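Observations on the three-dimensional arrangement
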Number of protein chains: 2
Amino acid sequence: MKERIVLASGSPRRRQLLEWAEVDFEVIVSDAPETYPSGLPVGLVPIHVARNKALAVKKQLSPDRIVLAADTVVVLDGDIIGKPVDREDAIGILSRLAGHQHEVVTGVVLSQGQKEIAFAESTEVYFHELTREQIENYVDKYRPYDKAGAYAIQEWIGVVGIRGIEGDFYNVMGLPVSRVVQELEKM
Amino acid sequence: MKERIVLASGSPRRRQLLEWAEVDFEVIVSDAPETYPSGLPVGLVPIHVARNKALAVKKQLSPDRIVLAADTVVVLDGDIIGKPVDREDAIGILSRLAGHQHEVVTGVVLSQGQKEIAFAESTEVYFHELTREQIENYVDKYRPYDKAGAYAIQEWIGVVGIRGIEGDFYNVMGLPVSRVVQELEKM
């Protein structure tokens, strides 16, 4: 690639993953809303939100630049679990996740001129049972208010509380890097 | 736990995982040999090696201390793949792993006085196809000579080259932390 790609995300985790993957990039963050039409099928929601982030950044750039945007959601029993709105919500979300399996779905949009590659990558995550005390301690110490599903897999609750996963680990961190790199090569 | 546990491993990755898990520990490294009797079933090899590491450190301590030791191996088609002996060996190992599934098995021994908890945790790892050039670049840049299977999942080749896993991600990094914490609680 001659020009650096543009990452339309402020997430330090996504930045770190692209660095590990040795992708040359710069960050431009948009103020695109993370809303979506009601009734949109669950699997399409993160792609829809990622596309809005990509388009908001694309407007500011020359059309030949490659923009990469992503949005990650947690899906439990068919419901989308977003970022917690407050402490009680975070505790409630983690209480629902504990002892169960959920899905982490990241929607990715790669956009250049008229071309677009969009896909969603899904990883299954299996949580151990957690006590109310463990959940409260985690929420108060780590304050996971900016995280879909109210947790980060690389923090205490992910290290101690997750029994296993099925799929791409880095997808749970917010970006399915190996798939992104393959799609970038096609582009 | 009143007394800090003793980690019988010099691996910075294991140290980091225990820190993330908020386990209170100190490190004492032994010079236990990483050898095992020929004919030992593959699944028992990392437990055998971990036990030797634990016993070598235990000798230096009062018997009430809890010693934690671990050994990680890569298993491909029933063969144990250890650390590469040189550049050619590392390239050969990664060429065998590319495009295939392998197993990462970590043997863990927790030892206190006469008590011992030993187990092995296994995670399936699926590599994409890799070119000879990608493999050589990785080996020359990251020099994975201290790593079973000649790779680290958190380095370039793991981020870009691994399609997915099944099981505990942290086990691939060298320690199945969530299981370790559960067994420590029993002890």
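See above for the structure.
These lines cover the structure that appears in this document, whether it is placed above or below. (Residues numbered from 1 in each chain as written. Chains lettered and ligands numbered in written order. Predicted model: local features only at pLDDT ≥ 70, side-chain atom pairs only at ≥ 80, totals over all residues. Heavy atoms only, no water.)

1. So, the layout of surface pockets
Any empty space left between atoms is shown by rolling a water-sized probe over those atoms. What counts, and what does not: Grid spacing is 1 Å over the protein atoms alone, the probe is 1.4 Å, and a cavity is where that probe fits but cannot get out, while a pocket is an open set with protein on both sides within 12 Å along at least five of seven lines and lining residues have an atom within 4 Å of a point. Grid points are joined across faces, edges and corners, and a volume is the space filled by probe spheres set on the points. Numbering of helices and strands runs from the N terminus, with a helix taken as a DSSP run of H or I at least four residues long and a strand as a DSSP run of E at least two residues long. Polar here means any residue other than Ala, Val, Leu, Ile, Met, Phe, Trp, Tyr, Cys and Pro, which are nonpolar, and Asp, Glu, Lys and Arg, which are charged; Gly is therefore polar.
The calculated volume of the largest pocket comes to roughly 650 Å³. For the lining of the largest pocket, the secondary structure elements donating two or more residues are helix 1 (12-20), helix 2 (45-58), strand 3 (67-76) and strand 4 (79-81) of chain B. With four residues, strand 3 of chain B is the largest single contributor of residues to the lining of the largest pocket. A class-by-class count of the residues in the lining of the largest pocket yields 17 nonpolar, eight polar and eight charged. Taken as a whole, the second largest pocket encloses approximately 470 Å³ of empty space. Lining of the second largest pocket is provided by 28 residues; of these, S11(A), R13(A), R14(A), K83(A) and D146(A) occupy positions nearest its centre.

2. A closer look at helix 4 (residues 132-142) of chain B
Residue and element names in this part refer to chain B. Definition in use: Residue exposure (1.4 Å probe, protein chains only): buried if accessible area is under 20% of the type maximum, exposed if over 50%, otherwise partly exposed. By arc we mean the arc of the directions from the helix axis to the C-beta atoms, nothing more. Contacts are assigned to residue pairs that have any heavy atoms within 4.5 Å of one another.
Every buried residue belonging to helix 4 is among I135, Y138 and V139, and all of these are buried. Buried residues in helix 4, looked at end-on, bunch into an arc of 95 degrees, giving them a common side. Exposed positions of helix 4 whose direction lies more than 90 degrees from the buried face are E133 and K141. Residues of helix 4 that are buried in the fold lie against helix 3 (87-97) and helix 5 (156-161).

3. Digging into the pattern of salt bridges
All names here are of chain B. Test applied: Each salt bridge in this description consists of a side-chain nitrogen of Lys or Arg and a carboxyl oxygen of Asp or Glu lying within 4 Å of one another.
All told, the structure shown has 32 salt bridges over all chains when counted by the stated rule. Note that K53 and D71 form a salt bridge whose closest N and O atoms lie 3.5 Å from each other. With a gap of 18 residues between them, K53 in helix 2 and D71 in strand 3 connect regions that are remote in the sequence. Residue class for D71 comes out buried when judged on its relative accessible area of 7%.

4. Some details on the environment of I91(B)
Residue and element names in this part refer to chain B. Within the secondary structure layout, I91 lies in helix 3. A sequence separation of 64 residues divides I91 from V27, and the C-alpha atoms of the two residues are 32 Å apart. Setting aside residues no more than four positions away along its own chain, I91 makes contact with R132, I135, E136 and V139.

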